[in-house]
Amino acid sequence: MEYVQACMSLHDMNGPFLTGMGLFCVLKYIRHDAGKRTRFNRLHVKITFNHMRAPGEEEENMDYTTQMDAARKGILTEELKRVADKELFEPAELMRLVAEGKAAIPANRLHTCLEPNGIGSRLKTKINVNLGTSRDCKDLEMELQKVNDAVRMGAESIMDLSSWGDTRTFRRKLTAQCPAIIGTVPIYDAVVYYHKPLKDITSQEWLDIVRMHAEDGVDFMTIHVGINRQTAERFKKAKRLTNIVSRGGSIIFAWMEMTGKENPFYEHFEEILDICQAYDVTLSLGDACRPGCIEDASDISQIEELVTLGELTRRAWEKNVQVIIEGPGHMPLDQIQSNMKIQQTICQGAPFYVLGPLVTDIAPGYDHITAAIGGALAAASGASFLCYVTPAEHLRLPDLDDVKEGIMASKIAAHAADIAKGIKGAAQWDREMSTARKNLDWERMFELSIDPERARKYRESAKPEKEDTCSMCGNFCAVKNMNRILDGEMMSNGVGGKEAAAWIPPFANSILIKQWEGKSVFWIFLPINCCVAVKRIWL
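As a starting point, this report considers the structure included with it.

Criteria and thresholds
- Residues numbered from 1 in each chain as written.
- Predicted model: local features only at pLDDT ≥ 70, side-chain atom pairs only at ≥ 80, totals over all residues.
- Heavy atoms only, no water.
- Helix = DSSP H or I, 4+ residues; strand = E, 2+ residues; numbered from the N terminus.
- Expected span 1.5 Å × (residues − 1).
- Buried < 20%, exposed > 50% of the residue type's maximum accessible area, 1.4 Å probe, protein only.
- Contact = heavy atoms within 4.5 Å.
- 1 Å grid on protein atoms, 1.4 Å probe; cavity = no way out; pocket = protein on both sides within 12 Å on 5 of 7 lines; lining within 4 Å.
- Points joined across faces, edges and corners; volume = space filled by probe spheres on them.
- Nonpolar A, V, L, I, M, F, W, Y, C, P; charged D, E, K, R; others polar.
- Pairing = 2+ DSSP bridges.
- Axes fitted to C-alpha atoms, helices over the stretch in contact; angles between N-to-C directions.
- Phe/Tyr/Trp six-rings, centres within 6.5 Å; stacked < 30°, edge-to-face > 60°.
- Core = buried A, V, L, I, M, F, W, Y, C linked by side-chain atoms within 4.5 Å.
- Salt bridge = Lys/Arg side-chain N within 4 Å of Asp/Glu carboxyl O.

Things to note about helix H14 (residues 367-380)
At step 1: With 14 residues, H14 should reach 20 Å at 1.5 Å per residue; the first-to-last C-alpha distance of 20 Å fits that figure.
At step 2: By the burial criterion, the buried members of H14 are Asp367, His368, Thr370, Ala371, Ala372, Gly374, Gly375, Ala378 and Ala379.
At step 3: Those residues of H14 that are buried lie in contact with helix H13 (333-346), strand S13 (352-355), strand S14 (385-387) and helix H15 (400-421).
At step 4: Taken from the residues just after H14, Gly382 is the one with a positive phi, measuring 130°.

As structure tokens, this is what we get:
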């Protein structure tokens, strides 16, 4: 095996730049086997410190195309090893899940600053943040700030949905500098890139955009391949309330109606697989027919498209291309669990990526909450990947505050689901928080909070008289008083000092009724106008 340096362009030399892992300078190289170029590889030059490979530390056997291909060949990639460490998995077990398609590690080999993460129902639930420019909101710096905030708040994935301006420059900036998984929807970009009427875009031009996104280093792409001429005809007969609410789905449906041609992504699916295999891009099979309202949930259009996605999943796996399945959408609570099971069956356990689901249609301005409710149930029932929803959903492009609200709601939903699924380490976080609360250790509570900044701000906005309480309960703090009681402090009428009045008020009467193994049992009598007339307490 011989490595020769490729032509050097600005995009070929990414760096040096700073990520959470250290400072890197990265060059792209092309591997040659027997004089034939087979695929891109990358050489990492270690400047300071990192967990990535330095020259000479590459895997001994680099004869693989994708993470799935490597797993099937028993090759432990650096990406898989790092994901296994984070997930508390044995590498061999994670390798089996990736080989079977039940877990995916989106990792385009040209996304050189990637901090890899795994997506699968047995792994921690991951969240994705959508952002990008639009005709009405063109502030690129604002979108970059959203990216920085999202990474800082722990989002594992960023999807660039830009539909205006110089989309390629923004996309390349993301893959050159952002350590999160980067996803895109090429169909949006085609409309912007070609600057011509939708009906005039050719089938080959749609495919060329997919290749361009792969060359730009994106880790996964949403391809609306499940809606074809047959499913489109079925959709028109089914008469939905809200029709097609997927932006990409509506674009490709309109193109098919205007041209009379087959969905080019469906017709040329093998070519798309070849592109994904060449760059190790994970396919996110888009749900053009996801329900856009509660009434449309679980209808024939949604399920028929899912069956098509299941068939395409098997074809992708035959070429070692990793797959994620996209799902609803709007859906009532009582249908979410069954939908997760249907997907797992039809798509043979491929990771499920859901938008919400939103469990009611009546809460514009609060849809981060409706989505978190549905997302928690979906993930607890088998979904692997939650697309965040912000309070601005259905109303406008989200601002920085909206992004934060959406991320936090999604992270809470994901963590709640991980507890329910028994994900390794999930419940331990809660146990540590509960221990800090029991000990009234406020600094530790802030440290363990999902949003330390907000937790600290709330406490400081209404400081209590005593530091070991809060302004809601004060001396009536159950935690504080139970700690004192169980630590053996005597608290009867007139005993225990001023603070004892919080537990046994001075106007109450107490009668010792029993002593047993060094403990005393008191009946505490309170006046009739108190909340509780009689209380029994062990001291």
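Notes on empty space enclosed by the protein
At step 1: For the structure on display, the rule yields five cavities of 30 Å³ or more.
At step 2: Approximately 100 Å³ is the volume attributed to the second largest cavity.
At step 3: Lining the second largest cavity, in full, are Asp287, Arg290, Gln302, Glu305, Leu306, Leu309, Glu326, Gly327, Pro328, Asn339, Gln343 and Phe352.
At step 4: Broken down by secondary-structure element, the contributors of at least two residues to the lining of the second largest cavity are helix H12 (300-318), strand S12 (323-327) and H13.
At step 5: Split by residue class, the lining of the second largest cavity holds four nonpolar, four polar and four charged.

Observations regarding the side chain of Ser203
At step 1: Inspection of the secondary structure assignment puts Ser203 in helix H7 (residues 203-215).
At step 2: Judged by its relative accessible area of 15%, Ser203 is buried.
At step 3: If we ignore the near neighbours within four places in the chain, the residues touching Ser203 are Trp255, Pro264 and His268.

So, the environment of His415
At step 1: Residue position: His415 is located in helix H15.
At step 2: For His415, the residues in contact, after removing those within four places along its chain, are Ala426, Trp429 and Asp430.

Brief notes about the sheet that holds strand S10 (residues 220-223)
At step 1: Read around the closed barrel, the eight strands follow the order S7-S8-S9-S10-S11-S12-S13-S14; overall the barrel is parallel. In this sheet, adjacent strand axes meet at a mean angle of 25° when their direction is disregarded.
At step 2: Pairing geometry for S12 and S13, over three bridges, is parallel. Bridge assignment links Ile325 to a residue of S13, and that residue is Phe352.
At step 3: Seen against the sheet, H12 touches strand S11 (282-285) and S12 and runs at an angle of roughly 170° to S12.

So, unusual backbone geometry
At step 1: Here the residue pair Pro328 and Gly329 is connected by a cis peptide bond, since its omega of 20° sits within 30 degrees of zero.
At step 2: Inspection of the secondary structure puts Gly329 in the loop between S12 and H13.
At step 3: Residue Pro357 follows Gly356 across a cis peptide bond; omega there is -5°.
At step 4: Looking at the element boundaries, Pro357 is found in the loop between S13 and H14.
At step 5: The phi torsion at Asn243 lies on the positive side, around 55°, for a residue other than glycine.
At step 6: Among the secondary structure elements, Asn243 is positioned in the loop between helix H8 (229-238) and helix H9 (247-259).
At step 7: A positive phi is found at Gln348, a non-glycine position, where the angle reads about 55°.
At step 8: Positionally, Gln348 belongs in the loop between H13 and S13.

Some thoughts on the packing of aromatic side chains
We describe a pair of aromatic rings using the distance from one ring centre to the other and the angle between the two ring planes.
At step 1: On inspection of all chains with the given rule, the structure shows seven aromatic pairs.
At step 2: Taking the centre distance of 5.3 Å and the plane angle of 80° together, the rings of Tyr193 and Tyr194 count as edge-to-face.
At step 3: Since its relative accessible area comes to 43%, Tyr193 is described here as partly exposed.
At step 4: Arranged with centres 6.3 Å apart and planes meeting at 85°, the rings of Trp206 and Trp255 form a pair that is edge-to-face.

Here we look at the nonpolar core
At step 1: Ranked by internal contacts, the top residues of the largest apolar core, which has 99 residues, are Trp206 and Phe265.
At step 2: Looking at this core, the element that brings in the most residues is H15, giving seven residues.
At step 3: Residues Phe89, Leu94, Leu97 and Ala99 belong to the second largest nonpolar core, which totals 13 residues.

A few points about the pattern of salt bridges
At step 1: Per the stated rule, a full pass over the model turns up 36 salt bridges.
At step 2: With a shortest N-O distance of 3.7 Å, Asp85 and Lys81 are connected by a salt bridge. On the criterion of helical spacing, the pair formed by Asp85 and Lys81 is a turn pair, its members being four residues apart in helix H2 (residues 78-87).
At step 3: Residue Glu205 is joined to Lys196 by a salt bridge in which the shortest nitrogen-to-oxygen separation is 2.9 Å.
At step 4: One continuous salt-bridge network, built from bridges that share partners, spans Arg168, Arg171, Arg172, Asp189, Glu215 and Asp216.

Considerations on the layout of surface pockets
At step 1: When its volume is computed, the largest pocket comes out at roughly 980 Å³.
At step 2: For the largest pocket, the lining is made up of 37 residues, of which Asn130, Leu161, Arg247, Arg290 and Glu393 are closest to its centre.
At step 3: Taken together, the elements giving at least two residues each to the lining of the largest pocket come down to strand S7 (126-131), S12 and S13.
At step 4: Residue composition of the lining of the largest pocket, grouped by class: 17 nonpolar, 14 polar and six charged.
At step 5: Considering only enclosed or pocket space, the second largest pocket measures out at about 850 Å³ in volume.
At step 6: Lining the second largest pocket are 34 residues, with Met433, Arg437, Met445, Ser449 and Ala455 sitting closest to its centre.
At step 7: Taken together, the elements giving at least two residues each to the lining of the second largest pocket come down to H15, helix H16 (426-438), helix H17 (442-448), helix H18 (452-461) and helix H19 (478-486).
At step 8: With eight residues, H15 is the single largest residue contributor to the lining of the second largest pocket.
At step 9: Among the residues making up the lining of the second largest pocket, the classes are represented as 21 nonpolar, five polar and eight charged.

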